[in-house]
Amino acid sequence: MRRALAADGYEAVTIEGLAESAEVSKQTIYRWWPSKAAILGEALLEGSVPGADVAVPMTADLGADLRAWFSAMSAGLARPEGVALARALIEVTAADPELGLILNERLAAPIREWVAERVSRGRADGDVRADVDAAAIADQFIAMASYFALIGQPLSAERVEETVVRLLRGIAG
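Below you will find a few notes about this structure. (Residues numbered from 1 in each chain as written. Predicted model: local features only at pLDDT ≥ 70, side-chain atom pairs only at ≥ 80, totals over all residues. Heavy atoms only, no water.)

### Focus: the nonpolar core
Side chains of a nonpolar character, in soluble globular proteins, are inclined to be buried together.
Okay, so step 1: Among the nonpolar cores identified, the biggest contains 29 residues, and Trp69, Phe70, Ile111, Val115 and Phe141 are the most heavily contacted of them.
Okay, so step 2: Breaking this core down by element, the ones donating at least two residues are α5 (62–78), α7 (97–125), α8 (134–150) and α9 (157–171).
Okay, so step 3: With nine residues, the single largest contributor to this core is α8.
Okay, so step 4: Counting residues in hydrophobic clusters, the runner-up holds ten residues, among them Leu85, Ala88, Val92 and Leu107. (Core = buried A, V, L, I, M, F, W, Y, C linked by side-chain atoms within 4.5 Å. Buried < 20%, exposed > 50% of the residue type's maximum accessible area, 1.4 Å probe, protein only. Helix = DSSP H or I, 4+ residues; strand = E, 2+ residues; numbered from the N terminus.)

### What about the pattern of salt bridges?
Okay, so step 1: Enumeration according to the criterion identifies eight salt bridges in this entry.
Okay, so step 2: Here Asp131 ties to Arg129 by a salt bridge, and the two come within 2.8 Å at their closest N and O atoms.
Okay, so step 3: Taking relative accessible area as the criterion, Asp131 reaches 58% and is therefore assigned exposed.
Okay, so step 4: Its relative accessible area of 33% is what places Arg129 among the partly exposed residues.
Okay, so step 5: Beyond isolated ion pairs, a larger network of salt bridges with shared partners links Glu105, Arg112 and Asp139. (Salt bridge = Lys/Arg side-chain N within 4 Å of Asp/Glu carboxyl O.)

### Regarding empty space enclosed by the protein
Okay, so step 1: Going through the model one piece at a time under the given rule, you end up with one cavity of 30 Å³ or more.
Okay, so step 2: Empty space within the largest cavity amounts to approximately 40 Å³.
Okay, so step 3: Every residue lining the largest cavity is listed: Leu62, Leu66, Val115, Arg118, Val119, Ile137, Phe141, Leu167 and Ile171.
Okay, so step 4: Those elements that provide at least two residues to the lining of the largest cavity are α5, α7, α8 and α9.
Okay, so step 5: The element contributing the most residues to the lining of the largest cavity is α7, with three residues.
Okay, so step 6: Along the lines of polarity and charge, the residues of the lining of the largest cavity split into eight nonpolar, no polar and one charged. (1 Å grid on protein atoms, 1.4 Å probe; cavity = no way out; pocket = protein on both sides within 12 Å on 5 of 7 lines; lining within 4 Å. Points joined across faces, edges and corners; volume = space filled by probe spheres on them. Nonpolar A, V, L, I, M, F, W, Y, C, P; charged D, E, K, R; others polar.)

Limitation: the analysis is restricted to geometry and does not speak to function.
Dropping the structure here:
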């Protein structure tokens, strides 16, 4: 499924093509899954989710860490597979809202964990105000990274810088 998505996009993936690739009949596919959205959803639940594997080491510099995170996330999601999966995730969510919520949470959880840890360290260092909601910051990260994945472009260095500068102004201790 991932290869087909990366090569041709979600719209071009068909049950017939998936059956042919798996060397089974269409009926076999439909016995297990009601739609290609359900197939993609299961594949994502069982496999890795693009963007969830971004590992950015934390340093003493909050701004540098945020820049590094945005740059790494953006580069990963700008690859053809990341773009195709981001777009497909929207279609899965539209076709099966319950599955979409599960998948979106799976993608968001590692980001929220990283942001919560980084904000906690920032608070301890006096760089972040005590009233800053780490989940709200994480949601902004997710929204921005998702938007650029949907349009198929990495965040420019200028956009990363402007985002981090504005964010730091808003949460500074």
